[in-house]
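The residues making up each chain are set out below.
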Amino acid sequence: MMLESGRVNREELLQILADIKRDDLRASEIIKRMRAMLSRRDIERCRFSLNEVVEQTATVLRSEASRRGISVDYELRARHADILGDPVQIQQAIINLMLNAFDATTGGPPQDACRVRVETSDTPGGVKLSVRDFGAGIAPANLTRVFDSFFSTKRDGMGLGLPITRSIVEAHGGMIDATSCEVGAEFRIILPMAPAARGPDQPMSSAQ
Ligand SMILES: Nc1ncnc2c1ncn2[C@@H]1O[C@H](COP(=O)(O)OP(=O)(O)OP(=O)(O)O)[C@@H](O)[C@H]1O
Ligand SMILES: [Mg+2]
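Residues numbered from 1 in each chain as written. Chains lettered and ligands numbered in written order. Predicted model: local features only at pLDDT ≥ 70, side-chain atom pairs only at ≥ 80, totals over all residues. Heavy atoms only, no water.

### Section: the nonpolar core
So, step 1. Formed by 39 residues in total, the largest nonpolar core has its most connected members in L50, I90 and L129.
So, step 2. Counting only elements with at least two residues in this core, the list comes to α3 (50-67), α4 (87-105), β4 (115-123), β5 (126-133), α5 (161-171), β6 (175-180) and β7 (185-192).
So, step 3. With eight residues, the top contributor of residues to this core is α4.
So, step 4. With residues near it in sequence (within four places) discarded, L50 still touches A81, I83, I90, I94, T120, V127, L129 and L191. (Core = buried A, V, L, I, M, F, W, Y, C linked by side-chain atoms within 4.5 Å. Buried < 20%, exposed > 50% of the residue type's maximum accessible area, 1.4 Å probe, protein only. Helix = DSSP H or I, 4+ residues; strand = E, 2+ residues; numbered from the N terminus. Contact = heavy atoms within 4.5 Å.)

Written as structure tokens, this is what we have:
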């Protein structure tokens with residue numbers, strides 16, 4: 001209508017195009033997630049470091065964090081961070097947890113609230129990833145529901161991020177839990193550690 005009227009407001013047109021692009025990206029994200037949830041493909045299994053995937057995720061989310069004024073602290077303390085599985089899926093799980101932490105952080109009071117902490121550490125037989133925010137936390141009544149499909153308290157939330165994250169973690173033989181802290185929330189994932197790699201002087205089988 002604007003173009004047909006001959007009175008083109010450049011600013012408004014740019015805004016309209018930006019809105020279309022944003023909605024388009026959101027729609028494609030939803031479709032991608034639905035496909036991920038509905039497809040029952042076997043996971044690819046390779047050996048990779050959880051610390052490295054966290055570092056790659058940091059790069060992916062850097063501009064999103066700075067756009068929202070959130071500073072993310074990374075503490076990659078796991079010394080035995082190798083796991084077996086699909087690094088792309090594990091990255092998706094971490095992204096889901098971090099975006100939730102960003103959502104919880106945005107709109108909260110300033111100061112500590114603008115901080116998200118991502119940490120890896122060793123646990124017996126496994127490696128732990130924790131994503132901690134200082135937002136509003138999770139209401140006790142919702143703690144058991146956050147992993148349910150389509151449970152969302154957000155205006156434009158699908159309620160799919162956490163159920164998808166849980167299926168990814170469980171497909172990797174791991175577990176996930178959520179805690180509401182005095183301030184904010186913490187989500188923890190524990191994944192089984194990959195078996196020790198064989199060195200060059202440890203042949204797979206001895207020649208007979
Ligand atoms: N870090 C958090 N702090 C507080 N509440 C949270 C946090 N993470 C998740 N939740 C709660 O769990 C609900 C479900 O999260 P989930 O990621 O599955 O869906 P969503 O974020 O609402 O939508 P989307 O499908 O876009 O991820 C959220 O709507 C919110 O109520
Ligand atoms: Mg989410």
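Let's pick the thread back up.
### Some thoughts on the pairing of β6
So, step 1. With six bridges joining them, β6 and β7 adopt antiparallel strand pairing. Counterpart to A178 in the pairing with β7 is F187.
So, step 2. Linkage of β6 to β7, two consecutive antiparallel strands, is achieved through a turn of four residues, within which G184 is found at a positive phi near 85 degrees. (Pairing = 2+ DSSP bridges.)

### Re the sheet that holds strand β2 (residues 71-76)
Strand pairing within a sheet occurs via backbone hydrogen bonds; the two strands may be parallel or antiparallel.
So, step 1. Read across the sheet, five strands follow the order β2-β4-β5-β7-β6 without closing on themselves; strand pairing throughout is mixed. A single partner strand is all that each edge strand has here, and the edge strands are β2 and β6. Each strand axis lies, on average, 15 degrees off the axis of its neighbour in the sheet, ignoring direction.
So, step 2. Bridge analysis of β2 against β4 gives six bridges, and the strand direction is parallel. Each bridged residue has a counterpart across the sheet, and for D73 the counterpart in β4 is R117.
So, step 3. Each of β2, β4, β5 and β7 is contacted by α3, which is oriented at about 175 degrees to β2, the strand it contacts most.
So, step 4. Across the sheet, α4 lies against β2, β4, β5, β6 and β7, angled at about 25 degrees from β5, the strand it touches most. (Axes fitted to C-alpha atoms, helices over the stretch in contact; angles between N-to-C directions.)

### Things to note about the site of ligand 1
So, step 1. Neighbouring ligand 1 are 20 residues; N100, D133, S152, T153 and K154 lie closest to it.
So, step 2. Coverage of ligand 1 by the protein amounts to 92% of the 600 Å² it exposes when considered alone.
So, step 3. Taken together, the elements giving at least two residues each to the shell around ligand 1 come down to α4, α5 and β7.
So, step 4. Broken down by element, the shell around ligand 1 gets its largest block of residues, three residues, from α5.
So, step 5. The class makeup of the residues in the shell around ligand 1 is ten nonpolar, seven polar and three charged. (Near = heavy atom within 4 Å. Areas by Shrake-Rupley, 256 points an atom, 1.4 Å probe, with all protein chains shown as cover. Nonpolar A, V, L, I, M, F, W, Y, C, P; charged D, E, K, R; others polar.)

### A short note on the confidence of the model for the protein chain
So, step 1. For the protein chain, mean pLDDT is 87; residues scoring 70 or higher make up 86% of the total.
So, step 2. At the level of individual helices and strands, the protein chain shows its lowest average pLDDT in helix α2 (residues 10-38), which scores 80, and its highest in β7, which scores 98. (pLDDT = per-residue confidence, 0-100.)

### A closer look at the packing of aromatic side chains
So, step 1. Scanning all chains against the criterion turns up one aromatic pair.
So, step 2. Judged by centre distance (6.2 Å) and plane angle (75 degrees), the rings of F147 and F187 are edge-to-face. Of this pair, F147 sits in the loop between β5 and α5 while F187 sits in strand β7, placing them 40 residues apart in sequence. Each member of the pair, F147 together with F187, is buried. (Phe/Tyr/Trp six-rings, centres within 6.5 Å; stacked < 30°, edge-to-face > 60°.)

### As for the pattern of salt bridges
So, step 1. One pass over the structure, following the stated rule, counts 13 salt bridges.
So, step 2. Of the charged contacts, one joins E11 and R10 as a salt bridge, the two residues approaching to 3.9 Å between their closest N and O atoms.
So, step 3. Between E119 and R117 there is a salt bridge whose closest N-O contact spans 3.3 Å.
So, step 4. What makes E119 buried here is its relative accessible area of 14%.
So, step 5. Within this structure, E64, R67, R68, D103 and K154 form a network of salt bridges that share partners. (Salt bridge = Lys/Arg side-chain N within 4 Å of Asp/Glu carboxyl O.)

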